[in-house]
Each structure stands twice: as structure tokens, then as C-alpha cells.
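The lines below spell out each chain.
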Amino acid sequence: GEGFLAAAASAAAAPQSPAGAAVRVKAEPMDVSSGNAVMTTPSCSSAAVTTDSAASNGQAPPLIALVKRVLGKEAKAWRDIRQAVQLEQACNPGTIDANVSDQAISKALIVAEAVELVASSETTDPGDRLFALANVGDSATDKYRQIVLDLFAKQSSVSRRAINDAINKVVDKSETRDITRLLKDLCVKQGNSWVIQKPSKGS
């Protein structure tokens, strides 16, 4: 909600290391600096640069537009976002400040209305922190998207019944097909529950 984003924006604006947290869900801030150490050498042939840009906003500042494009409709790890910034800097010099900090990326996530989710694996690697956009411009699924993200911001595995119950409290008439499509964008099914997709270590 707006209160949550405002609190996150305030946290990002407060004096802290360049590796400050972005949209926070966890009580304790996490240092993401170590997440940068696992980055591979940027390659302009990487799909990260040429991913579908449907979610990006051509009028948005370049860093925000890039964050939106990288996240798309899925949940992505911090390392994926950071590497995409590196790729953009290498392949399109001047588009994004060469000295852009983790703090600037965190603020871009806030402006893009990204939500931090609970990773499916028990990990202490800050590069595994997961984010997803609250709005992707898909009218059929966006009306459920924030509701679903709010659930996964608290736990990594949620039953379909709990998801349906949460949606039905807010939306008068829901479409099962659209909810399933949204879940498939963000999650994998495990038994009767849906789990946020585990970030790829090779990204």
C-alpha cells in the first residue's frame, strides 16, 4: 500500500551504505554489497538486455525503466537486477550513470512500486532477495497482483485456498483463469500450494 511504499522510500533516503535495502519486508536491513561479488562479466549478447520491454515505461528515467523491464511479470533476484544494470552500462554507455549505486537501484525499485518477497529457499545471500512489480499493465491480472504479492511478502508458500480467500475479500467477481495465469508468472506449484520461484544462481 501507499504507507508501505512511503516507509520504504523514507528508509532508502536515510543515511546508510550504498548497499542499503530496497523495498523492505524483513525487519532487519540486509547488506547487498556481497551480492555484487557474484556478478559475471557483462555480455551484450545476454538476454537481460533484450528482454521484452512491455513492462517498461518509455517516459520513465532510464534506471526505473530498466528495473521495470527486467522484472517484467516475474519475480527476480537482486543479482539479476544488478547484473542487468551492469549490462546496460556496458552495452549502452551513457544511458545509465556509470557510477550508479545499489542505493540508487533500491530507490528505482521503490519508484517502480516493486515489492520484496520471501525467497523460497532459506538463504542468507543478499543476492537472492526477490522483487516483483505490483503493476505490470495487464488489466486482467493487475487487480489481483497486489493482493497476491502481499501474501508472498509474508511467506514463500501459500495455498490456493488462502490466495482465493484473500482475493475474494477485495474483488467482487474474480476470474480463476486470470488468477492462475498470474500465479504461473510468479510461482511454481508444489502440491496444493504455490511457491515463489527460486532465484537462479547463475544469473
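Computed from a predicted structure; not experimentally measured.

Asker: Would you mind showing me how to read the packing of helix α7 (residues 139-152) against helix α9 (residues 176-186) here?
Answerer: The geometry of a pair of packed helices is captured by two quantities: the angle between their axes and the separation between those axes. At a minimum axis separation of 9 Å, α7 and α9 run at an interaxial angle of 55°. Accordingly, the angle class assigned to the pair α7 and α9 is oblique. Relative to α9, α7 is oriented so that their crossing is right-handed. Only D178, I179, R181, L182, L183 and L186 of α9 make contact with α7, whose side of the interface consists of A140, T141, Y144, R145, V148, L149 and F152.

Asker: Is there a simple way to explain the sheet that holds strand β4 (residues 157-159) in this structure?
Answerer: Backbone hydrogen bonds are what pair the strands of a sheet, in a parallel or an antiparallel way. Here three strands make up an open sheet; going across it, the order is β4-β6-β5 and the pairing antiparallel. Strands with a single pairing partner mark the edges of an open sheet, and in this sheet they are β4 and β5 (187-190). Strand-to-strand twist across the sheet, computed as the mean angle between neighbouring axes with direction ignored, equals 30°. Both β4 and strand β6 (residues 193-196) contribute to a ladder of three bridges, which runs antiparallel. Note that in β6 the partner of V158 across the bridge is W194. Packing against the sheet, α9 makes contact with β5 and β6, and its axis sits at approximately 105° to β5.

Rules of the game
Residues numbered from 1 in each chain as written. Predicted model: local features only at pLDDT ≥ 70, side-chain atom pairs only at ≥ 80, totals over all residues. Heavy atoms only, no water. Axes fitted to C-alpha atoms, helices over the stretch in contact; angles between N-to-C directions. Helix = DSSP H or I, 4+ residues; strand = E, 2+ residues; numbered from the N terminus. Parallel < 35°, antiparallel > 145°, perpendicular 65-115°, else oblique. Left-handed = near helix turned anticlockwise from the far one by under 90°. Contact = heavy atoms within 4.5 Å. Pairing = 2+ DSSP bridges.

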